[in-house]
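Chain residues, written in single-letter form:
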Amino acid sequence: MERTVTDATLRGHVDVVQLDAATAARLPKRHRPVRPADVVTVEDVKTKSSRVWDRVVRYGPTAAEMRQILLYADLLRTVGFADMPGQRYLHRLGPVDVQRIRFRFVCRDTGEEHVQEFAFDEWLATEARWWVDRVLEADLPEQLRRDHEGPGLSVICDNCPFVQACWAGAAPGRPAQTILVHDDEDRARALADYVRAHERFREAKRVKELARAMLDDSPEGNYGENHLGWSGGNDNEETDVAAMVEEFENADLTVPMVPDTDAMVAILRRAGMVVPRRKAAGWSEDRAHHQGHAGPYAVLTAPWRACEAGPAFPFITLLLCCLYCPWRHAP
């Protein structure tokens, strides 16, 4: 059950607060936890899609998520629970000595959970409060650093209730990001960013293609800090409609007469149930048979001359030079 914390500046809803034995003993007996925690712990539950699940498991909470839970814990340590119906018995505890914060990440698509715990850090909580103070001091969004790219480029901005306030002023039919350009200096900076990003993309694409070719006959597994997996076979997942029908019947839910996968998925999620998934049907041949090129080759009559052209020669020509070089199979 969510609990509310508030002061003169902030107001939030904490997903879970686990009290230790000493703090729980100060509550009426009917409100005491059956199994107290070893230390007072604030827990924040975050749901994530499978698209970002690997990033969550690898890197943990974002800076914004960390600020949020630190502020909740700091409010409990300095003020305590808010004085409001349904939690006045908690409000009478006064400030609570929070010692630990916990994130419980839940994958919306599979039901998988990933838990991360941290000791409460007063310095980080002070930094989070400083961040709030700087936001409140600003008169305009332009005075603050933007954390996201804006509507059309960021899902967070697309679903933010304050998007119009943050991105107002763009001409009709133009992207909201045009408000970030005020003069020729801004245009020059944006153009330089574009050119630099394009150059990095081209180099990254070259490195990626080379690494992909080097790993072609490598088996799946963990190598160093990364996991190698192949998606050319049956590794893609899809919603298991047959299993969903069984879930509906087991939960006494009405099974649609006409199959409607999206509607059934929505019903299961609203009911807090896991959507069953299965391996999608894919290629049965060896993955090496599917490494064709998107377009036809451009045959050069004298490809070795690319080596004489120097770095200014088009990059694709250098690749074709290797492709058609008569000595490319030599040691």
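Note that this is a predicted model, so its numbers are computed, not measured.

1. A closer look at helix H10 (residues 261-270)
Part 1: Every buried residue of H10 is accounted for by Met264, Val265 and Leu268. All buried residues of H10 lie within an arc of 100 degrees about the axis, which places them on one face of the element. Turned more than 90 degrees off the buried face of H10, the exposed positions are Asp262 and Arg270.
Part 2: Lining the buried residues of H10 we find strand E9 (237-239) and helix H9 (241-250).
Part 3: At the C-terminal side of H10, Gly272 shows a positive phi close to 75 degrees.

2. Brief notes about the pattern of salt bridges
Part 1: Per the stated rule, a full pass over the model turns up 21 salt bridges.
Part 2: As a salt-bridge pair, Asp7 and Arg129 come within 3.1 Å of each other at their nearest N and O atoms. Note that Asp7 is positioned in the loop between strand E1 (3-6) and strand E2 (11-14) and Arg129 in helix H5 (residues 122-137), a separation of 122 residues in sequence.
Part 3: Among the residues examined, Asp7 registers a relative accessible area of 25% and is labelled partly exposed.
Part 4: Relative accessible area serves as the criterion here: at 19%, Arg129 is assigned to the buried category.
Part 5: We note a salt bridge from Asp186 to Arg189, for which the minimum N-O separation is 2.9 Å. Residue Asp186 and its partner Arg189 are both found in helix H8 (residues 184-214); the two are separated by 3 residues, about one turn of the helix.
Part 6: Residue class for Arg189 comes out partly exposed when judged on its relative accessible area of 43%.

3. Some points on the sheet that holds strand E6 (residues 113-119)
Part 1: Spatially, 4 strands are ordered E3-E4-E5-E6 in an open sheet, and the strand pairing comes out mixed. Because the sheet does not close on itself, it has two edges, and the strands there are strand E3 (16-18) and E6. Averaged over all neighbouring strand pairs, the angle between strand axes comes to 20 degrees, with direction disregarded.
Part 2: Pairing of strand E5 (residues 98-107) with E6, which is carried by 7 bridges, proceeds in the antiparallel orientation. Opposite Val106, over in E6, you have Glu113 as the bridge partner.
Part 3: Packed on one face of the sheet, helix H3 (residues 63-78) meets E3, strand E4 (40-48), E5 and E6 and runs near 140 degrees to E5.

Cut-offs applied
- Residues numbered from 1 in each chain as written.
- Predicted model: local features only at pLDDT ≥ 70, side-chain atom pairs only at ≥ 80, totals over all residues.
- Heavy atoms only, no water.
- Buried < 20%, exposed > 50% of the residue type's maximum accessible area, 1.4 Å probe, protein only.
- Helix = DSSP H or I, 4+ residues; strand = E, 2+ residues; numbered from the N terminus.
- Arc of directions from axis to C-beta.
- Contact = heavy atoms within 4.5 Å.
- Salt bridge = Lys/Arg side-chain N within 4 Å of Asp/Glu carboxyl O.
- Pairing = 2+ DSSP bridges.
- Axes fitted to C-alpha atoms, helices over the stretch in contact; angles between N-to-C directions.

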